[in-house]
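Chain and residue survey
What follows is the residue order along each chain.
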Amino acid sequence: MAIGQSKQRLDAEAKVTGRARYTDDMGLPGMRHAAYVHSTIAHGMVLSIDASEALALPGVEAVFTADDVPGFLFPTAGHPYSMDPSHGDVADRLLLTKHVRYYGDEVAVVVARDGLTARKAAHLVKVEYEPLPVMTSAETALAPGAPVLQPSVNPDGNLLKQHTLECNGTLDEALAAADVVVEGAYRTPTMQHCHLENQTAYAYMDDMRHIVIVSSTQIPHICRRVVGQALGIPWSSVRVIKPYIGGGFGNKQDVVLEPIVAFLTMKLDGAPVSMELTREECMLCTRVRHAFAMTARAGATKDGKLLGYGLDVLSNTGAYASHGHSIAAAGGSKVCYVYPHATYRFSAKTFYSNIPVGGACRGYGSPQTAYAIECLMDDTARALGMDPLDFRLKNTGRNGDISPLNGKPVATLGISDCLDGFLLADDAFADAFFHVDEFFTFSLLHACGGDARPAGNDLGDVHFGDFLLKKSASILLLEFAQVLLGFLEVFFRFGDVAVSNLGCFAEVAQAFGLFGVGTQLVDPFLFFADSVD
């Protein structure tokens, strides 16, 4: 058994003794260092770039602009490759740009003998801009006549994608039959992952045709493919090595530095070139959680039965698509398992704007949507004069309930059992935690389950919870396998690249048990052994 026992992480000793080697511990002789020239406006066109002062600085070897890089648009999201173009990630990025789309966009890159010189030279590059109107919200970005940020994606506006799903009937009919109808508006802001290790990568060529990239990434195999797309070279000529990673939480589930360091080593005859972002650059110029603006409606009977609820989402993906609409789509599909008996309607639009790029972040859309829905449930309970706990106990799903999305039984749906268990607590505990409406705005963020797709393992019709806690948690997966799957031993092995395109989407260990306690495997190789009959 694993529950109640202390289990040592397989990599714990290497990390605490300093033997674990991260990307910046693995430099090469003759390493060059690169630094971006970031835009100082949020939206506009580059009119001219003067790099003469930078090039005159001792130690500077080169300055490259958008005129020097390949013209291949490429995606950056950490998703498996799709042979169907309609299912593929949006290719809207160049290595360097003349069209500035957010404050900090990359307009040039400097290469020097050391990092300090590279950064000093980057500040010496003079850029002249033509400013354009700045759009930071749906009201401005989707307004008629708004400047188009990504004409290659949508020449008619800044809408990236939209969709609607509805199940268990129609919301209009459910609200018409309700005794109480509640409406609310909710917002969640952007946030940054703040992993301890900043974004860092370096590249070199070990022969005339092959590029080796060492990167702190969650998606080595996808980096390989995207670098090939960005440079217009065969994917087979790129090798990506992922050492130990100092945190990612979704920020490194995007291709950020790998294409530019690969390009630079090619331009410098295979010499090793490194780029390490500062904390400020990581917060501004990598990825953030998508900001959601949400309106919601719910209808219930006088006795507290939830008849239907719906959520309309405006998802701000920022200057580039990155994971794009998949964030909102995932957020909408995950939350419906909590209240599986009610009518559910979800509508979302994802749009471009002039803010930092939204990407993957812990929960992948569900923290935003769950926050809004649980606020709505609080408001509905209040309108009915019911305790929020009682209202939820009356309406949340239980094991064996049918998924409203695919019609299959949900094997693990622990939220109702959790709430039932709390009723056994003493009155003081209950008063302290469950008669405060705001408790439910965060307590259910990772609760419940539903219709996961086990990755790389044929587990038949078993359906695990569909919430991820986005943790590099080998130890939790070990306990999960031992307790719930009946395996006596679990072995991990680390390698350069993942064996399949599933990467960090290995969902075998998705949410299980109380409040969706679960894990997501980000280690590239997983093997189970000694299964119990």
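This section reports on the structure supplied with the text.

Calculation notes
Residues numbered from 1 in each chain as written. Predicted model: local features only at pLDDT ≥ 70, side-chain atom pairs only at ≥ 80, totals over all residues. Heavy atoms only, no water. Helix = DSSP H or I, 4+ residues; strand = E, 2+ residues; numbered from the N terminus. Buried < 20%, exposed > 50% of the residue type's maximum accessible area, 1.4 Å probe, protein only. Contact = heavy atoms within 4.5 Å. Areas by Shrake-Rupley, 256 points an atom, 1.4 Å probe, with all protein chains shown as cover. Pairing = 2+ DSSP bridges. Axes fitted to C-alpha atoms, helices over the stretch in contact; angles between N-to-C directions. Phe/Tyr/Trp six-rings, centres within 6.5 Å; stacked < 30°, edge-to-face > 60°. Lys NZ or Arg CZ within 6 Å of the ring centre and 35° of its normal. Polar contact = N/O pair within 3.5 Å; in protein donor to acceptor, adjacent residues only side chain to side chain. Patch = residues over 30% accessible without salt bridge, like charges linked within 9 Å, V, L, I, M, F, W, Y side chains within 5 Å. Salt bridge = Lys/Arg side-chain N within 4 Å of Asp/Glu carboxyl O. Parallel < 35°, antiparallel > 145°, perpendicular 65-115°, else oblique. Left-handed = near helix turned anticlockwise from the far one by under 90°. Nonpolar A, V, L, I, M, F, W, Y, C, P; charged D, E, K, R; others polar. Arc of directions from axis to C-beta.

Secondary structure summary: the protein contains 15 helices and 17 strands in total. A total of 533 residues make up the protein; the buried ones form 57% of that total. Relative to all contacts within the protein whose residues are 6 or more apart in sequence, the contacts with residues 24 or more apart total 80%. With an accessible surface of roughly 22100 Å², the protein has 56% of that area assigned to carbon and sulfur atoms.

Taken together, five strands build an open sheet; the order of strands is 7-15-14-13-8 and the sheet is mixed. The outermost strands of the open sheet, each flanked by one partner alone, are strand 7 (159-167) and strand 8 (180-188). Each neighbouring strand pair of the sheet contributes to a mean axis angle of 10 degrees, computed without reference to strand direction. Pairing of strand 14 (residues 306-318) with strand 15 (residues 343-352) involves ten bridges; the strand directions are parallel. Across the sheet, the residue bridging to tyrosine 309 is tyrosine 344, located in strand 15. Against the sheet, helix 9 (residues 325-334) touches strand 7, strand 13 (291-300), strand 14 and strand 15, its axis set at about 165 degrees to strand 15.

Bringing the packing of aromatic side chains into the picture now. Inspection of the entire model under this criterion finds seven aromatic pairs. When the centroid spacing of 6.1 Å and the interplanar angle of 55 degrees are considered together, the rings of tyrosine 22 and tyrosine 244 count as tilted. In this pair, tyrosine 22 is assigned in the loop between helix 1 (12-16) and strand 1 (32-38) and tyrosine 244 in the loop between strand 11 (238-241) and helix 7 (258-267), connecting sequence segments 222 residues apart. Using a relative accessible area of 23% as the deciding quantity, one classes tyrosine 22 as partly exposed. On the basis of relative accessible area, tyrosine 244 is assigned to the partly exposed category, the value being 24%. Among the aromatic residues, ring-to-ring pairing joins Tyr309, Tyr339 and Tyr344 into one connected group. Seen from the ring of tyrosine 320, arginine 93 lies directly overhead, with NZ or CZ sitting 4.0 Å from the centre.

When you line up the elements, serine 403 lands in the loop between helix 11 (388-395) and helix 12 (415-422). Here serine 403 falls in the buried class, since its relative accessible area comes to 3%. Here leucine 405 takes part through its backbone nitrogen, which lies 3.2 Å from a polar atom of the side chain of serine 403. Discounting residues that sit within four places of it in the chain, serine 403 has contacts with Tyr337, Lys408 and Val410.

Let us look at the sheet that holds strand 2 (residues 44-50). What links the strands of a sheet is backbone hydrogen bonding, and the strands pair in either a parallel or an antiparallel sense. Spatially, the three strands line up as an open sheet ordered 4-2-6, and their pairing is antiparallel. Only two strands of the sheet have a single neighbouring strand rather than two, namely strand 4 (99-100) and strand 6 (126-131). Looking at chain direction, strand 2 and strand 6 are connected through six bridges and run antiparallel. Bridged to serine 48 within strand 6 is glutamate 128.

With 224 residues separating them along the chain, tyrosine 22 and glycine 246 place their C-alpha atoms 7.5 Å apart. With sequence-adjacent residues up to four places away left out, tyrosine 22 is seen in contact with Lys15, Glu197, Pro243, Tyr244, Ile245 and Gly246.

Our next topic: a nonpolar patch on the surface. Nonpolar side chains collect at one region of the surface, where Tyr81, Met83 and Trp235 lie side by side and expose about 370 Å² of accessible area between them. The topology assignment puts tryptophan 235 in the loop between helix 6 (220-231) and strand 11. Residue tryptophan 235 is classed as partly exposed on the basis of its relative accessible area, which comes to 34%.

Another aspect to go through is the pattern of salt bridges. Using the criterion set out here, one finds 16 salt bridges in the structure. In this structure, the salt-bridge partner of arginine 382 is aspartate 379, at a minimum N-O distance of 2.8 Å. In this pair, arginine 382 and aspartate 379 are both assigned in helix 10 (residues 366-384), three residues apart and thus about one turn of the helix distant. The exposure class assigned to arginine 382 is partly exposed, which follows from its relative accessible area of 45%.

The subject of this paragraph is the packing of helix 11 against helix 12. Two elements in contact, helix 11 and helix 12, have axes whose closest approach is 10 Å; the angle formed by their N-to-C orientations is 140 degrees. Considering their axes alone, helix 11 and helix 12 lie oblique with respect to each other. As for how helix 11 packs across helix 12, the hand of that crossing is left-handed. Residues Leu389, Arg392 and Leu393 of helix 11 form the contact with helix 12, whose own contacting residues are Ser416, Leu419 and Asp420. Of the residues contributing to the contact of helix 11 with helix 12, the split by class is three nonpolar, one polar and two charged.

Let us look at the environment of tyrosine 371. Mapped onto the elements of the fold, tyrosine 371 is located in helix 10. We classify tyrosine 371 as partly exposed; its relative accessible area is 29%. Once the C-alpha coordinates of tyrosine 371 and valine 335 are considered, the two residues, 36 residues apart in sequence, prove to be 10.0 Å apart.

Turning next to helix 12. Restricting attention to buried positions, one finds in helix 12 the residues Ile415, Ser416, Cys418 and Leu419. Buried residues along helix 12 cover an arc of 155 degrees about the axis, so they all sit on one side.

Take the packing of helix 9 against helix 10 next. Two numbers describe how helix 9 lies on helix 10: the axes approach to 8 Å, and their chain directions differ by 45 degrees. With respect to helix 10, the axis of helix 9 lies oblique. For the pair helix 9 and helix 10, the crossing hand works out as right-handed. In contact with Ile327, Gly331, Gly332 and Lys334 of helix 9, helix 10 contributes Ser366, Gln368 and Thr369. For the contact of helix 9 with helix 10, a count of residues per class yields one nonpolar, five polar and one charged.

The next subject is helix 9. Counting buried residues in helix 9 gives eight out of ten residues, a clear majority hidden from the surface. Structurally, helix 9 contributes buried residues whose contacts are with strand 7, strand 13, strand 14, strand 15 and helix 10.

Positive phi, normally seen in glycine, also occurs at aspartate 269, with a value near 55 degrees. Within the fold, aspartate 269 resides in the loop between helix 7 and strand 12 (273-276). Positive phi values are uncommon outside glycine, yet serine 322 reaches one of about 50 degrees. Within the secondary structure layout, serine 322 lies in the loop between strand 14 and helix 9. Owing to a relative accessible area of 5%, serine 322 belongs among the buried residues under this scheme.

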